[in-house]
Structure formats: structure tokens, C-alpha cells
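Here is how the chains run, residue by residue.
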Amino acid sequence: MSELEGKVAIITGAGRGLGREEALDLARHGVRVVINDIDLPGAKEAAHSTADEIRSDGGEAHVVLGDCADTNDANALMKKTFEKFGDLNIMVNNAGFVKDKTIFSMSDEEFDSVVRVHLRGHFVNMRNAMNYWRGKVKAGETVYGRLISTSSEAAIYGSAGQPNYASAKAGIVAMTMGAAQLMVSYGVTCNVIMPRAETDMTMSGATAEMFKAPEKGFHYFDAANVAPLVTYLSSEPAAKISGEVFIVWGNQINVLQRPKVLPAHVNPAGATKWSQANLHESLSTHFDDDYRSVRDGYSMPIGRV
Ligand SMILES: NC(=O)c1ccc[n+]([C@@H]2O[C@H](COP(=O)([O-])OP(=O)(O)OC[C@H]3O[C@@H](n4cnc5c(N)ncnc54)[C@H](O)[C@@H]3O)[C@@H](O)[C@H]2O)c1
């Protein structure tokens, strides 16, 4: 019997793609799963199909439709989870969509809607799960809590064609790191995955060709390859892992190192406000003749810069 047997998970956006695979994998390990997806044609049927597959494999699943970024829907998701399964142990924030354009031509709506579904979508569900777990600890009850957020490598590569998405995904990392700090004393872990997979989201665009299934051999970008890490982070053996970010795809996982803050540039004039000359004298030791703009900057290099 799996040590996850009987635990309760919510997975947002679990009708399709990564969320679906994560729900299936958790259920295979005995977790009772609540499948959330948006209440729209296509998504609704997809959510029920994930639940049906889990049930036909002998697992337990319940569908709760709703917008992951809407507070009322998120509250209803919690309420219906308790009504059905009586607890919540694992909150996987996964749902989202993209509307890619460069910042030159992106509309306010394209920016707001993508930030909303990802960043606010994580926030409202995270708030509910964290308050529930903290409340249990305060009531003297034992708590088993695992929060898993879904970011993207777009957050670290700059992703020039996704100013909305990359910002939201960077925000998700920051939000989850804060959550991890708040929850560590309650024994609740909070981690972030940055997956790569062939899904509806990546069927067109820059990665479409790369993510395609090969004619034969291992399909590195099968969404099912990401799910075991989510199950692992949800499990007892991962109890001490929190405040971490993982790139995950195929048969590999990269643990991200924390950003490195280089030694401070201190005003050569001493304890005084910078002058332009002092700033240039000090910073030009870093931005020297070998320095290459943007490529040597904060974001990781990708493609032609
Ligand atoms: N596929 C990749 O390579 C990749 C890479 C990095 C990050 N991600 C992230 O992984 C997550 C899952 O993406 P995917 O590739 O499986 O995409 P997908 O399009 O296959 O699945 C996303 C699911 O979210 C649902 N959804 C959309 N808006 C929703 C809302 N408001 N409320 C509830 N559900 C909603 C969709 O209906 C769909 O079922 C996303 O957060 C995505 O940004 C994916």
C-alpha cells in the first residue's frame, strides 16, 4: 500500500495536459483527487474524462468545475473537496493558458488575462490551502500539507515573446518561496516545478517541433514524465524538501540554484551618496571590456541575443 493512500489532492486544470497526468499519477498512488477545470465546452468534458479514467483504474476522483483564479470558485472548490473527501493534503496549482506576443503589440487584456489565470490562480488557491493547514495546526491537529506550484523556464530566460506569461511565472516562484517560509514551521512543504511537455499549450509556437513524439523510442516530452515528481513532492519521503524549484522533463530533473548576489560595489568615496563618476568607477570593474550586454545579464541566455 502506498503511503499516499487516502490523501486528498486538488489539481487545477486537470482536464488536459500536465494536470491530467499529475492527477492520474497521484490517483495511481492511492490519492483521492479533485479534478478542477474551467466550466467551458471541451474543458468540462476533459475534466470528466480524467475522472472517469481514474475511476476505471479503481481510484477515487471528483470533478469540481470553475475558474481557478476566481475567489468564489476557489472557495467552492475547497468546500466541495471537504464535502466529498473531508480533508485536503495536496494542492497542485497547474491551470493556465498563454496569449503570446511581444510587448510591442500586446494588449492590456492579453496581459491581464494571462497574469490573472496563472498568478492570481495560484494566489487564491494557495491562500485557501495555507489557511486551512495553518488552522488545523492552531487547533492542535496534525497536518499533512504539500503545495506544488507550476512555473516555467520562461521566468528565467526572459521569454521576449511572453511578457505576460513570463512575469506571471516569475511571480509564482516568488510567491511560493514566501509561502514556503510561512509554512515551514507547520511542516507544510511548498515547491515549484518548471515542466516541459507536449500539450495543447505547446502544440504551436517555438517548442512545437522539439516537443513532438518521436516515431519510436522514449518520448522525452510526454506530459506523463513530469507527473512522478509531483507525486514524489507530495509524498512522505519528500517531507524535508521545501522552497525549491525544479526543471522537469523526460528522464531528467534539474534543481535550480538560488540566485547568486555578487559582492557589493561600495562607493570608493566612502560613506556618502554616489556621484556619477564614483558609480562609473565602481560599476565599470564589473561591466568591463569583456562584458556582453544582455547575454551576461540576469536572465539565462537562449537563442539569438
Ligand atoms: N507544456 C509545457 O511545456 C509547459 C512548460 C512550462 C510550464 N507549463 C505550465 O504547466 C501548466 C499546465 O500546462 P499544459 O501544458 O498542461 O497546458 P494545457 O493547455 O494542456 O492544460 C491547461 C489546462 O488548464 C485549464 N484551464 C485554463 N484556464 C483555466 C481556468 N481559468 N481555471 C481552471 N482551469 C483552466 C485548461 O482548460 C486545460 O485543461 C500551465 O501552468 C503551464 O503554464 C507548461
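Residues numbered from 1 in each chain as written. Predicted model: local features only at pLDDT ≥ 70, side-chain atom pairs only at ≥ 80, totals over all residues.

> Would you explain the pairing of strand E5 (residues 146–150) in this entry?
Taken residue by residue, a regular strand's side chains alternate between the two faces of the sheet. Here E5 lies mainly inside the structure; 5 of its 5 residues are buried. Neither face of E5 is open: one carries Arg-146, Ile-148 and Thr-150, the other Leu-147 and Ser-149, and all of them are buried. Between strand E4 (residues 90–92) and its parallel partner E5, the chain crosses via helix H4 (residues 108–138), and the hand of that crossover is right-handed. Note that E5 and strand E6 (residues 189–195) share 5 bridges and pair parallel. Residue pairing across strands places Leu-147 opposite Cys-190, the latter belonging to E6. (Buried ≥ 20, exposed ≤ 12 C-beta atoms within 10 Å, placed from the backbone. Helix = DSSP H or I, 4+ residues; strand = E, 2+ residues; numbered from the N terminus. Right-handed = clockwise from strand over helix to strand, strands pointing away. Pairing = 2+ DSSP bridges.)

> Just checking my understanding: could you explain the domain arrangement of the protein chain for this structure?
Structurally, the protein chain comprises domain 1 (8–255) and domain 2 (260–305). Centre-to-centre, using C-alpha coordinates, domain 1 lies 37 Å away from domain 2. (Domains from an automatic or database assignment.)

> Help me understand the pairing of E6, please; the structure alone is not making it clear to me.
For E6, the tally of buried residues reaches 7 of 7 residues, placing the bulk of the element in the interior. What you see with E6 is no split at all: Thr-189, Asn-191, Ile-193 and Pro-195 on one side and Cys-190, Val-192 and Met-194 on the other are buried throughout. By the bridge criterion, 4 bridges tie E6 to strand E7 (residues 245–249) in an arrangement that is parallel. Bridge pairing links Ile-193 to Phe-246 in E7.

> Teacher, can you tell me more about the site of the ligand here?
If you check the shell around the ligand, you find 29 residues, and the closest are Gly-13, Gly-17, Ala-95, Thr-199 and Met-201. Of all the elements in the fold, those that place two or more residues in the shell around the ligand are helix H1 (17–28), strand E2 (32–37) and helix H2 (43–56). When residues in the shell around the ligand are grouped by element, the largest group, 3 residues, is from H1. Split into classes, the residues belonging to the shell around the ligand amount to 12 nonpolar, 12 polar and 5 charged. (Near = placed C-beta within 6 Å. Nonpolar A, V, L, I, M, F, W, Y, C, P; charged D, E, K, R; others polar.)

> What am I meant to see in the sheet that holds strand E8 (residues 252–255) here?
Backbone-to-backbone hydrogen bonds join strands into a sheet, with any given pair of strands oriented parallel or antiparallel. The 8 strands lie next to each other as E3-E2-E1-E4-E5-E6-E7-E8, forming an open sheet whose pairing is mixed. The two strands at the open ends of the sheet, each matched to only one other strand, are strand E3 (61–65) and E8. For this sheet, the mean angle separating the axes of adjacent strands, direction not counted, is 20 degrees. Sheet topology places strand E1 (residues 8–11) next to E4; 3 bridges connect them, and they run parallel. Residue pairing in the sheet places Ile-10 in a bridge with Met-91 of E4. (Axes fitted to C-alpha atoms, helices over the stretch in contact; angles between N-to-C directions.)

> So what exactly am I meant to see when it comes to unusual backbone geometry here?
For residues besides glycine, phi is generally negative; the peptide bonds are generally trans as well. With a phi close to 50 degrees, Ser-159 is a non-glycine residue in the positive phi region. For Ser-159, a count of 21 C-beta atoms within 10 Å gives the class buried. Of note, the phi angle at Val-294 is positive, near 65 degrees, even though the residue is not glycine. When you line up the elements, Val-294 lands in the segment after helix H9 (276–283). The class for Val-294 is exposed, based on 10 C-beta atoms found within 10 Å.

> Would you mind showing me how to read the packing of H1 against H2 here?
In a packed pair of helices, the relevant descriptors are the angle between the two axes and the axis-to-axis distance. For the pair H1 and H2, the least separation of the axes is 10 Å and the interaxial angle reads 20 degrees. In terms of orientation, H1 lies roughly parallel with respect to H2. In this structure, the crossing between H1 and H2 has a hand that is right-handed. For the pair formed by H1 and H2, the contact residues are Arg-20, Ala-23, Leu-24 and Ala-27 on the first element and Thr-50, Glu-53 and Ile-54 on the second. Class assignment for the residues of the contact of H1 with H2 results in 4 nonpolar, 1 polar and 2 charged. (Parallel < 35°, antiparallel > 145°, perpendicular 65-115°, else oblique. Left-handed = near helix turned anticlockwise from the far one by under 90°. Contact = placed C-beta atoms within 7 Å.)

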